[in-house]
Amino acid sequence: MSVPHRVAVLALDGVVALDLGTPAQVLGAARDDDRTPLYVVATCTPGGQPIRSSAGFQVLPDHGLELLGSADTVIVPGIHAGPPLHDGTVAAEVAQALRTAYDRGARVMSICTGAFVLAAAGLLDGRPATTHWAYASRFRRLHPGVRLDPDVLFVDDGRVLTSAGVAAGIDLCLHVVRTDHGSAVANRAARRCVVPPWRDGGQAQYIERPVPRGAENGTAATREWAQQRLHEPVALREMAAHARMSVRTFTRHFRSETGLSPAQWLLQQRTEHARVLLETTDLSVDRIARDSGFGTTAALRQHFHARVGVSPTAYRRTFRPSPAPSSASVDLGVVVPGAPDVSELSAATTP
(Lines give C-alpha, C1' and ligand atoms only; values in the text may rest on other atoms or scores of the structure.)
Protein backbone atom coordinates (compact mmCIF):
# COMPACT_ATOMS: atom_id res chain seq x y z
CA MET A 1 0.00 0.00 0.00
CA SER A 2 1.02 3.58 -0.55
CA VAL A 3 1.35 5.54 2.68
CA PRO A 4 -0.53 7.72 3.05
CA HIS A 5 -3.17 5.80 1.14
CA ARG A 6 -5.04 8.20 -1.16
CA VAL A 7 -8.83 8.17 -0.80
CA ALA A 8 -11.24 10.02 -3.09
CA VAL A 9 -14.80 10.55 -1.85
CA LEU A 10 -17.15 11.01 -4.82
CA ALA A 11 -20.15 13.09 -3.74
CA LEU A 12 -23.24 13.34 -5.93
CA ASP A 13 -26.29 15.57 -5.67
CA GLY A 14 -28.42 14.67 -2.64
CA VAL A 15 -25.44 13.22 -0.75
CA VAL A 16 -26.14 11.96 2.78
CA ALA A 17 -24.31 14.35 5.09
CA LEU A 18 -23.07 11.77 7.62
CA ASP A 19 -21.90 9.43 4.86
CA LEU A 20 -19.95 12.27 3.28
CA GLY A 21 -17.98 12.97 6.44
CA THR A 22 -17.45 9.39 7.60
CA PRO A 23 -14.39 8.47 5.47
CA ALA A 24 -12.43 11.60 6.40
CA GLN A 25 -13.25 11.19 10.09
CA VAL A 26 -12.68 7.44 10.47
CA LEU A 27 -9.85 6.93 8.00
CA GLY A 28 -8.32 10.20 9.14
CA ALA A 29 -8.17 8.77 12.66
CA ALA A 30 -5.96 5.87 11.53
CA ARG A 31 -2.37 6.60 12.54
CA ASP A 32 0.75 4.49 12.86
CA ASP A 33 2.77 4.20 16.07
CA ASP A 34 4.42 7.56 15.32
CA ARG A 35 0.98 9.15 14.82
CA THR A 36 1.61 9.56 11.12
CA PRO A 37 -1.70 9.59 9.15
CA LEU A 38 -2.15 6.42 7.13
CA TYR A 39 -4.83 7.83 4.81
CA VAL A 40 -5.39 11.17 3.13
CA VAL A 41 -8.98 11.86 2.13
CA ALA A 42 -10.26 14.41 -0.39
CA THR A 43 -13.72 15.05 -1.84
CA CYS A 44 -14.74 15.53 -5.46
CA THR A 45 -17.90 16.04 -7.52
CA PRO A 46 -18.59 15.92 -11.25
CA GLY A 47 -16.92 18.98 -12.71
CA GLY A 48 -15.90 20.10 -9.24
CA GLN A 49 -19.32 21.79 -9.01
CA PRO A 50 -21.22 22.50 -5.77
CA ILE A 51 -23.88 19.95 -4.90
CA ARG A 52 -26.80 19.82 -2.48
CA SER A 53 -26.62 17.60 0.58
CA SER A 54 -29.57 15.87 2.22
CA ALA A 55 -29.15 18.09 5.28
CA GLY A 56 -29.99 21.47 3.79
CA PHE A 57 -26.54 22.75 2.91
CA GLN A 58 -24.36 22.80 -0.18
CA VAL A 59 -21.02 21.10 -0.60
CA LEU A 60 -18.25 23.09 -2.27
CA PRO A 61 -15.61 20.52 -3.31
CA ASP A 62 -11.95 21.14 -4.06
CA HIS A 63 -11.76 18.61 -6.92
CA GLY A 64 -13.51 17.20 -9.96
CA LEU A 65 -13.65 13.64 -11.27
CA GLU A 66 -9.98 13.78 -12.19
CA LEU A 67 -9.28 13.03 -8.52
CA LEU A 68 -10.38 9.44 -9.14
CA GLY A 69 -7.50 9.05 -11.57
CA SER A 70 -4.89 8.88 -8.80
CA ALA A 71 -6.87 7.55 -5.82
CA ASP A 72 -5.99 4.21 -4.25
CA THR A 73 -9.54 3.93 -2.90
CA VAL A 74 -12.74 5.55 -4.18
CA ILE A 75 -15.73 5.86 -1.83
CA VAL A 76 -19.27 6.79 -2.92
CA PRO A 77 -21.43 8.03 -0.01
CA GLY A 78 -25.18 7.49 0.07
CA ILE A 79 -27.65 9.74 -1.75
CA HIS A 80 -31.26 10.66 -1.03
CA ALA A 81 -32.16 11.83 -4.54
CA GLY A 82 -31.23 11.57 -8.18
CA PRO A 83 -31.36 9.15 -11.13
CA PRO A 84 -29.44 6.29 -9.42
CA LEU A 85 -32.32 5.95 -6.96
CA HIS A 86 -35.14 6.75 -9.35
CA ASP A 87 -34.31 4.79 -12.48
CA GLY A 88 -31.02 3.01 -11.78
CA THR A 89 -28.87 5.20 -14.03
CA VAL A 90 -25.90 7.46 -13.43
CA ALA A 91 -24.26 10.15 -15.57
CA ALA A 92 -21.99 8.63 -18.21
CA GLU A 93 -18.96 10.62 -17.02
CA VAL A 94 -19.42 9.34 -13.46
CA ALA A 95 -19.82 5.72 -14.58
CA GLN A 96 -16.74 5.97 -16.77
CA ALA A 97 -14.64 7.53 -14.02
CA LEU A 98 -15.62 4.79 -11.58
CA ARG A 99 -14.99 1.97 -14.07
CA THR A 100 -11.63 3.46 -15.07
CA ALA A 101 -10.55 3.73 -11.44
CA TYR A 102 -11.52 0.11 -10.82
CA ASP A 103 -9.87 -1.14 -14.02
CA ARG A 104 -6.55 0.41 -13.06
CA GLY A 105 -6.64 -1.32 -9.65
CA ALA A 106 -8.32 1.09 -7.25
CA ARG A 107 -10.48 -0.23 -4.44
CA VAL A 108 -14.10 0.96 -4.82
CA MET A 109 -16.51 1.30 -1.91
CA SER A 110 -20.01 2.57 -1.23
CA ILE A 111 -21.84 3.63 1.90
CA CYS A 112 -25.60 3.15 2.22
CA THR A 113 -27.40 4.00 -1.05
CA GLY A 114 -24.07 4.72 -2.72
CA ALA A 115 -24.43 1.09 -3.81
CA PHE A 116 -27.04 2.31 -6.34
CA VAL A 117 -24.29 4.38 -7.97
CA LEU A 118 -21.83 1.47 -8.13
CA ALA A 119 -24.57 -0.78 -9.54
CA ALA A 120 -25.56 1.81 -12.13
CA ALA A 121 -21.90 1.98 -13.19
CA GLY A 122 -21.89 -1.79 -13.71
CA LEU A 123 -19.45 -2.54 -10.90
CA LEU A 124 -21.78 -4.79 -8.89
CA ASP A 125 -23.06 -7.12 -11.62
CA GLY A 126 -22.90 -10.70 -10.33
CA ARG A 127 -21.33 -9.58 -7.05
CA PRO A 128 -22.57 -9.82 -3.46
CA ALA A 129 -23.46 -6.39 -2.07
CA THR A 130 -25.61 -4.62 0.48
CA THR A 131 -27.34 -1.28 0.97
CA HIS A 132 -29.75 0.30 3.46
CA TRP A 133 -32.46 -2.23 4.32
CA ALA A 134 -35.23 0.29 3.54
CA TYR A 135 -34.05 0.46 -0.09
CA ALA A 136 -33.58 -3.28 -0.60
CA SER A 137 -36.73 -3.92 -2.63
CA ARG A 138 -36.04 -0.93 -4.88
CA PHE A 139 -32.45 -2.04 -5.38
CA ARG A 140 -33.53 -5.56 -6.35
CA ARG A 141 -36.02 -4.16 -8.85
CA LEU A 142 -33.46 -1.88 -10.51
CA HIS A 143 -30.49 -4.25 -10.32
CA PRO A 144 -31.64 -7.89 -10.35
CA GLY A 145 -28.16 -9.05 -11.40
CA VAL A 146 -26.62 -8.04 -8.06
CA ARG A 147 -26.57 -10.62 -5.23
CA LEU A 148 -28.04 -8.30 -2.61
CA ASP A 149 -27.83 -9.24 1.08
CA PRO A 150 -29.76 -6.64 3.10
CA ASP A 151 -29.12 -8.40 6.43
CA VAL A 152 -25.43 -7.56 6.85
CA LEU A 153 -23.61 -4.38 7.90
CA PHE A 154 -21.13 -4.55 5.05
CA VAL A 155 -19.86 -6.81 2.28
CA ASP A 156 -16.18 -7.13 1.36
CA ASP A 157 -15.87 -8.67 -2.10
CA GLY A 158 -12.21 -8.00 -2.71
CA ARG A 159 -11.75 -4.62 -4.38
CA VAL A 160 -15.45 -3.79 -4.26
CA LEU A 161 -17.00 -3.15 -0.83
CA THR A 162 -20.49 -1.99 0.12
CA SER A 163 -22.11 -1.09 3.43
CA ALA A 164 -25.56 -0.80 4.88
CA GLY A 165 -27.11 2.49 5.93
CA VAL A 166 -25.54 5.49 7.61
CA ALA A 167 -23.56 4.30 10.67
CA ALA A 168 -22.64 1.07 8.88
CA GLY A 169 -20.27 3.24 6.86
CA ILE A 170 -18.26 3.61 10.07
CA ASP A 171 -18.16 -0.18 10.41
CA LEU A 172 -16.95 -0.51 6.82
CA CYS A 173 -14.23 2.12 7.19
CA LEU A 174 -12.96 0.49 10.40
CA HIS A 175 -12.99 -2.87 8.60
CA VAL A 176 -10.83 -1.36 5.87
CA VAL A 177 -8.38 0.01 8.44
CA ARG A 178 -8.28 -3.38 10.17
CA THR A 179 -7.67 -5.15 6.86
CA ASP A 180 -4.99 -2.69 5.75
CA HIS A 181 -3.14 -2.16 9.02
CA GLY A 182 -4.36 -4.62 11.66
CA SER A 183 -6.63 -4.56 14.69
CA ALA A 184 -4.40 -2.42 16.88
CA VAL A 185 -4.56 0.51 14.44
CA ALA A 186 -8.30 0.02 13.86
CA ASN A 187 -8.99 -0.10 17.59
CA ARG A 188 -7.06 3.14 18.14
CA ALA A 189 -9.01 4.79 15.32
CA ALA A 190 -12.28 3.60 16.86
CA ARG A 191 -11.29 5.07 20.23
CA ARG A 192 -10.49 8.41 18.60
CA CYS A 193 -13.93 8.38 16.98
CA VAL A 194 -15.59 7.18 20.21
CA VAL A 195 -17.25 4.21 18.50
CA PRO A 196 -17.02 0.45 19.07
CA PRO A 197 -14.30 -1.17 16.96
CA TRP A 198 -16.68 -3.96 16.00
CA ARG A 199 -20.48 -4.30 16.10
CA ASP A 200 -22.21 -7.63 16.56
CA GLY A 201 -24.93 -8.87 14.24
CA GLY A 202 -26.18 -7.38 11.01
CA GLN A 203 -28.65 -4.70 9.99
CA ALA A 204 -31.49 -7.20 10.34
CA GLN A 205 -31.64 -6.11 13.98
CA TYR A 206 -32.53 -2.57 12.83
CA ILE A 207 -35.24 -3.43 10.31
CA GLU A 208 -38.66 -2.12 11.28
CA ARG A 209 -41.00 -4.96 12.12
CA PRO A 210 -43.93 -5.49 14.51
CA VAL A 211 -42.70 -5.89 18.07
CA PRO A 212 -43.90 -9.18 19.62
CA ARG A 213 -46.02 -8.98 22.76
CA GLY A 214 -43.98 -9.09 25.91
CA ALA A 215 -40.92 -7.71 24.12
CA GLU A 216 -40.53 -5.11 26.83
CA ASN A 217 -38.74 -7.79 28.85
CA GLY A 218 -36.31 -8.44 26.00
CA THR A 219 -33.29 -10.71 25.87
CA ALA A 220 -30.54 -8.17 26.63
CA ALA A 221 -30.03 -9.39 30.20
CA THR A 222 -29.77 -12.98 29.01
CA ARG A 223 -27.26 -12.02 26.34
CA GLU A 224 -25.13 -10.34 28.99
CA TRP A 225 -25.50 -13.43 31.19
CA ALA A 226 -24.39 -15.68 28.32
CA GLN A 227 -21.42 -13.45 27.44
CA GLN A 228 -20.11 -13.95 30.96
CA ARG A 229 -20.22 -17.72 30.42
CA LEU A 230 -18.65 -18.13 27.00
CA HIS A 231 -16.11 -20.54 28.49
CA GLU A 232 -18.96 -22.85 29.54
CA PRO A 233 -21.51 -24.84 27.52
CA VAL A 234 -24.59 -22.62 27.21
CA ALA A 235 -27.73 -24.43 26.07
CA LEU A 236 -30.71 -22.79 24.40
CA ARG A 237 -33.00 -24.08 27.16
CA GLU A 238 -30.77 -22.44 29.78
CA MET A 239 -30.92 -19.11 27.96
CA ALA A 240 -34.71 -19.34 27.63
CA ALA A 241 -35.04 -20.23 31.30
CA HIS A 242 -32.89 -17.27 32.30
CA ALA A 243 -35.17 -15.00 30.25
CA ARG A 244 -38.23 -16.71 31.79
CA MET A 245 -39.62 -17.59 28.39
CA SER A 246 -40.40 -20.74 26.50
CA VAL A 247 -37.74 -21.81 24.01
CA ARG A 248 -39.96 -20.88 21.09
CA THR A 249 -40.85 -17.43 22.46
CA PHE A 250 -37.26 -16.74 23.48
CA THR A 251 -35.95 -17.68 20.03
CA ARG A 252 -38.49 -15.40 18.34
CA HIS A 253 -37.63 -12.44 20.60
CA PHE A 254 -33.91 -13.10 20.26
CA ARG A 255 -33.97 -13.10 16.46
CA SER A 256 -36.15 -9.97 16.40
CA GLU A 257 -33.69 -8.09 18.62
CA THR A 258 -30.38 -9.29 17.15
CA GLY A 259 -31.12 -10.53 13.65
CA LEU A 260 -29.54 -13.86 14.59
CA SER A 261 -30.61 -17.15 16.13
CA PRO A 262 -29.27 -17.82 19.66
CA ALA A 263 -26.88 -20.44 18.26
CA GLN A 264 -25.54 -18.07 15.58
CA TRP A 265 -25.14 -15.30 18.12
CA LEU A 266 -23.28 -17.54 20.57
CA LEU A 267 -20.92 -18.70 17.83
CA GLN A 268 -20.29 -15.09 16.87
CA GLN A 269 -19.56 -14.12 20.48
CA ARG A 270 -17.20 -17.07 20.97
CA THR A 271 -15.35 -16.19 17.78
CA GLU A 272 -15.00 -12.55 18.76
CA HIS A 273 -13.77 -13.54 22.22
CA ALA A 274 -11.20 -15.81 20.61
CA ARG A 275 -10.08 -12.93 18.38
CA VAL A 276 -9.54 -10.70 21.40
CA LEU A 277 -7.54 -13.39 23.21
CA LEU A 278 -5.42 -14.05 20.12
CA GLU A 279 -4.69 -10.33 19.77
CA THR A 280 -4.11 -9.42 23.40
CA THR A 281 -2.71 -12.48 25.19
CA ASP A 282 0.05 -15.06 24.89
CA LEU A 283 -2.29 -17.92 25.74
CA SER A 284 -1.89 -21.06 23.67
CA VAL A 285 -4.43 -21.74 20.94
CA ASP A 286 -5.56 -24.81 22.88
CA ARG A 287 -6.24 -22.68 25.98
CA ILE A 288 -8.04 -20.04 23.91
CA ALA A 289 -10.24 -22.77 22.42
CA ARG A 290 -11.29 -23.76 25.95
CA ASP A 291 -11.67 -20.23 27.28
CA SER A 292 -13.84 -19.14 24.35
CA GLY A 293 -16.11 -22.16 24.64
CA PHE A 294 -15.08 -24.12 21.54
CA GLY A 295 -13.65 -26.90 23.66
CA THR A 296 -11.02 -28.19 21.26
CA THR A 297 -8.43 -26.62 19.00
CA ALA A 298 -9.98 -28.40 16.03
CA ALA A 299 -13.40 -26.88 16.71
CA LEU A 300 -11.90 -23.41 17.17
CA ARG A 301 -9.92 -23.75 13.95
CA GLN A 302 -12.97 -24.88 11.98
CA HIS A 303 -15.32 -22.14 13.16
CA PHE A 304 -12.68 -19.40 13.22
CA HIS A 305 -11.66 -20.11 9.64
CA ALA A 306 -15.30 -20.20 8.53
CA ARG A 307 -16.06 -16.79 10.05
CA VAL A 308 -12.74 -14.93 9.79
CA GLY A 309 -11.20 -16.62 6.75
CA VAL A 310 -7.88 -17.64 8.31
CA SER A 311 -6.67 -20.02 11.00
CA PRO A 312 -6.24 -18.78 14.60
CA THR A 313 -2.46 -19.07 14.26
CA ALA A 314 -2.38 -17.06 11.03
CA TYR A 315 -4.68 -14.45 12.55
CA ARG A 316 -2.40 -14.04 15.57
CA ARG A 317 0.65 -13.60 13.33
CA THR A 318 -1.14 -10.84 11.42
CA PHE A 319 -2.94 -8.97 14.16
CA ARG A 320 -0.93 -9.48 17.34
CA PRO A 321 0.27 -5.93 18.02
CA SER A 322 3.84 -5.20 18.95
CA PRO A 323 4.33 -4.02 22.55
CA ALA A 324 3.83 -0.28 22.69
CA PRO A 325 6.57 1.91 24.18
CA SER A 326 5.93 2.66 27.84
CA SER A 327 5.75 6.38 27.08
CA ALA A 328 3.15 5.99 24.32
CA SER A 329 -0.14 7.77 24.75
CA VAL A 330 -3.37 7.83 22.80
CA ASP A 331 -4.61 11.07 21.30
CA LEU A 332 -8.39 11.13 21.64
CA GLY A 333 -8.89 14.50 19.97
CA VAL A 334 -11.21 15.29 17.09
CA VAL A 335 -9.76 14.43 13.70
CA VAL A 336 -9.30 17.40 11.42
CA PRO A 337 -7.94 16.49 7.96
CA GLY A 338 -4.80 18.54 7.38
CA ALA A 339 -4.49 20.82 4.38
CA PRO A 340 -1.02 19.48 3.46
CA ASP A 341 -2.48 15.98 3.17
CA VAL A 342 -5.26 17.11 0.83
CA SER A 343 -2.93 19.12 -1.35
CA GLU A 344 -0.65 16.11 -1.54
CA LEU A 345 -3.52 14.14 -3.03
CA SER A 346 -4.56 16.87 -5.41
CA ALA A 347 -0.98 17.37 -6.57
CA ALA A 348 -0.98 13.82 -7.83
CA THR A 349 -3.75 14.76 -10.27
CA THR A 350 -1.94 17.77 -11.71
CA PRO A 351 0.17 17.24 -14.87
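Anything mentioned here points back to the structure above.
Residues numbered from 1 in each chain as written. Predicted model: local features only at pLDDT ≥ 70, side-chain atom pairs only at ≥ 80, totals over all residues. Heavy atoms only, no water.

Trainee: Lay out helix α7 (residues 183–193) with the relevant residues and their values.
Mentor: Every buried residue of α7 is listed here: Ser183, Val185, Ala186, Ala189, Ala190, Arg192 and Cys193. If you follow the buried residues of α7, they end up packed against α1 (17–28), α6 (168–181), α11 (262–280) and α14 (312–319). (Buried < 20%, exposed > 50% of the residue type's maximum accessible area, 1.4 Å probe, protein only. Helix = DSSP H or I, 4+ residues; strand = E, 2+ residues; numbered from the N terminus. Contact = heavy atoms within 4.5 Å.)

Trainee: So what's going on with the packing of aromatic side chains? Residues and values would help.
Mentor: Two descriptors summarise a pair of aromatic rings, namely the distance from one centre to the other and the angle between the planes of the rings. Under the criterion given, the structure shown has 5 aromatic pairs. Measuring from ring centre to ring centre gives 5.5 Å for Phe254 and Trp265, while their planes differ by 75 degrees; the resulting arrangement is edge-to-face. Of the two residues, Phe254 is situated in helix α10 (residues 247–258) and Trp265 in helix α11; the sequence distance between them amounts to 11 residues. For the residue pair Phe254 and Trp265, the accessibility class agrees, reading buried in each case. Following the ring pairs from residue to residue traces out a cluster consisting of Phe116, Tyr135 and Phe139. When the ring centre of Tyr102 is taken as origin, the NZ or CZ atom of Arg159, which lies over that ring, is 4.0 Å away. (Phe/Tyr/Trp six-rings, centres within 6.5 Å; stacked < 30°, edge-to-face > 60°. Lys NZ or Arg CZ within 6 Å of the ring centre and 35° of its normal.)

Trainee: Can you lay out the sheet that holds strand β2 (residues 39–44) for me, pointing to particular residues and giving the numbers?
Mentor: Read across the sheet, 6 strands follow the order β2-β1-β5-β6-β10-β9 without closing on themselves; strand pairing throughout is mixed. Every interior strand has two partners, whereas the edge strands, β2 and β9 (154–157), have only one. Here the strands of the sheet are splayed against their neighbours by 15 degrees on average, with no regard to which way each runs. Both strand β1 (residues 5–10) and strand β5 (residues 73–76) contribute to a ladder of 3 bridges, which runs parallel. From the neighbouring strand, Val7 faces β5, where its bridge partner is Thr73. Where helix α3 (residues 92–103) meets the sheet, its contacts fall on β1, β5, β6 (107–110) and β10 (160–163), and the angle it forms with β5 comes to roughly 145 degrees. Seen against the sheet, α6 touches β2, β6, β9 and β10 and runs at an angle of roughly 145 degrees to β10. (Pairing = 2+ DSSP bridges. Axes fitted to C-alpha atoms, helices over the stretch in contact; angles between N-to-C directions.)

The values are spatial; any link to function lies outside them.
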